[in-house]
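# Summary of the model geometry
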Amino acid sequence: MTDDAPTTTPLVLLHGVGQAPMAWEDVVVRLYGSRRLLTPWVPGLRPTEKAPVPLEDAAATLDTDLMLEGLQAVDLCGVSYGAMVATQLAADFPERVRRLVLVAGQVRAPRGVTSVQQTALKLIPASRFADSGVSKERLLQALDLARRTDLSQALPRIQAPTLVLVGGRDRANQPGARALAAGIAGARLRVVDGAGQQLNEEKPEELVEILEDFLR
């Protein structure tokens, strides 16, 4: 993508594992009226899906959804698993992404971390997720897919100016953030002091300020 697109480029916000599109509510409220905002279910995390969705298929599905919305180019921000889907989409469909923001993303999810997450998740009753529309089964499948994913070959194909964000308290994702920034040409890395993994819910005001500055 060239960098001469107008700042009215629509912004697509992709949630992470354990979140639903409403996880972006505090960010959307602060950005409302500035541009078109989309907060879709991330393919592979939709509660209604009957089977796991490989990352490449999730990116292709999202690309199709954007085309159906009439969007030729977007700014793209993803958190956690949403950041992995965003990375894949930016690599596979570079003409679609003007600017890219990756929060708590990974090149290869640490097997130890995902195994601990899966074990902990299995102990939580499915009813705990029901109110937010999140499916426990989809979460377990997404974690398994993330554990087996390697985005290292995708990174050199990303053309969009990229900002990699990671929380200062999110030690599990800091090595992945450094790997993303090192593997994407020209990418910038920023550590957000006092934040954990879910920056969109923990520090929405600070995230909005960062987005507004980077997505000009």
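Residues numbered from 1 in each chain as written. Predicted model: local features only at pLDDT ≥ 70, side-chain atom pairs only at ≥ 80, totals over all residues. Heavy atoms only, no water.

### Quick word on the overall build of the chain
Spelled out, the test is: Put simply, DSSP H or I for four residues or longer makes a helix, DSSP E for two residues or longer makes a strand, and each gets a number counted from the N terminus. Only heavy atoms matter for contacts: two residues are in contact if any of them lie within 4.5 Å across the pair. Shrake-Rupley sampling with a 1.4 Å probe provides the accessible areas, and residues are treated as covered by the protein chains on show and by no other component.
Counting its secondary structure elements, the chain contains 9 helices and 6 strands. Put simply, of all contacts in the chain between residues at least 6 apart along the chain, 77% involve residues at least 24 apart. Surface accessibility of the chain: about 9800 Å² in total, with carbon and sulfur atoms responsible for 51%.

### Re the sheet that holds strand β5 (residues 162-167)
Operational definition: Two strands qualify as a pair provided that DSSP identifies no fewer than 2 bridges between them.
The sheet built from 6 strands is open, its strands ordered β2-β1-β3-β4-β5-β6 with parallel pairing. Strands with a single pairing partner mark the edges of an open sheet, and in this sheet they are β2 (37-38) and β6 (188-192).

### Looking at helix α7 (residues 174-183)
For the record, the criterion: Exposed residues in this analysis have more than 50% of their type's maximum accessible area, buried residues have under 20%, and partly exposed residues fall in between, with area computed by a 1.4 Å probe over protein chains only. Note that the arc is computed from the directions linking the helix axis to the C-beta atoms.
Listed in full, the buried residues belonging to α7 are Q174, G176, A177, L180 and A181. One side of α7 carries all its buried residues, which in axial view fall inside an arc of 160°. Where α7 is buried, its residues contact α3 (81-92), β4 (97-103), β5 and β6.

### Here we look at the nonpolar core
One broad trend across soluble globular proteins is that nonpolar side chains are buried collectively. We count it as follows: Among buried residues, the Ala, Val, Leu, Ile, Met, Phe, Trp, Tyr and Cys ones that are joined through side-chain atoms within 4.5 Å form a nonpolar core.
Counting 45 residues, the largest nonpolar core has L14, L76, Y81, V85 and L100 as the members making the most contacts within it. Within the residue set of this core, elements represented by two or more residues are β1 (11-14), α2 (55-68), β3 (74-79), α3, β4, α6 (136-147), β5 and α7. Sorting elements by how many residues they give to this core places α3 first, with 8 residues.

### Remarks on the pairing of β6
Selection criterion: By convention, orient the strands away from the viewer: a clockwise path from the first strand over the helix to the second makes the crossover right-handed.
Here 5 bridges tie β5 to β6, and the two strands are oriented parallel to one another. Residue pairing across strands places L163 opposite R188, the latter belonging to β6. This β-α-β element, β5 to α7 to β6, shows right-handed connectivity.

### Observations concerning the confidence of the model for the chain
As a general rule, the predicted coordinates of low-pLDDT regions are not to be interpreted in detail. Here is the rule: pLDDT is a per-residue confidence score from the predictor, ranging from 0 to 100.
In this model, the chain carries an average pLDDT of 87, and 83% of its residues clear a pLDDT of 70 or more. For residues 1-6, every residue scores under 50 in pLDDT, and the model assigns this stretch 13 contacts once sequence neighbours within four places are set aside.

### Some words on the environment of P43
Mapped onto the fold, P43 is located in the loop between β2 and α2. A relative accessible area of 1% places P43 in the buried class. Taking the C-alpha atoms as reference points, P43 and L55, separated by 12 residues in sequence, lie 8.6 Å from one another. With residues up to four places along the chain from it excluded, the contact list for P43 reads E49, V53, A58, T61, L62 and Y81.

### A look at unusual backbone geometry
Within the chain, S80 stands out as a residue other than glycine whose phi angle is a positive 60°. Positionally, S80 belongs in the loop between β3 and α3. Residue A104 is not a glycine yet carries a positive backbone phi of 55°. The class for A104 is buried, based on a relative accessible area of 3%.

### Quick notes on the pattern of salt bridges
Rules: For salt bridges, the criterion is a side-chain nitrogen of Lys or Arg within 4 Å of an Asp or Glu carboxyl oxygen.
Under the counting rule described, the total for this entry stands at 10 salt bridges. Close ionic contact of R46 with D65 constitutes a salt bridge, the shortest N to O distance being 3.1 Å. Remark: D65 occurs in helix α2 and R46 occurs in the loop between β2 and α2; sequence separation between them is 19 residues. Note on D65: relative accessible area 27%, which makes it partly exposed. Residue R108 pairs with D150 through a salt bridge whose shortest N-O separation is 3.4 Å. Here R108 is found in the loop between β4 and α4 (111-122), whereas its partner D150 is found in the loop between α6 and β5, with 42 residues between them in sequence.

### Brief notes about the packing of aromatic side chains
Our working definition: Stacked, tilted and edge-to-face are the three classes assigned to paired rings of Phe, Tyr and Trp, where Trp is represented by its six-membered ring and a pair needs centres within 6.5 Å; plane angles under 30 degrees give stacked, over 60 edge-to-face, the rest tilted. Charge-over-ring contacts are defined here by two conditions on Lys NZ or Arg CZ: a distance within 6 Å of the ring centre and an angle within 35 degrees of the ring normal.
Throughout the structure, instances matching the rule amount to 0 aromatic pairs. The ring of F214 has R99 sitting right over it, with the charged end atom 5.0 Å from the ring centre.

### What about the environment of R98?
This is how it is decided: As used in this structure description, the phrase polar contact means that two N or O atoms lie within 3.5 Å; if the pair is within protein, one of them must be able to donate a hydrogen and the other to accept it, and residues adjacent in sequence are counted only when both atoms belong to side chains.
Examined against the element boundaries, R98 turns out to sit in strand β4. Considered as a pair, R98 and D75 are 23 residues apart in the sequence and their alpha carbons are 5.3 Å apart. A polar side-chain atom of R98 sits 2.9 Å from a polar atom in the side chain of D75. In terms of polar contacts, R98 uses its side chain to reach the backbone carbonyl oxygen of L215, at 2.8 Å.

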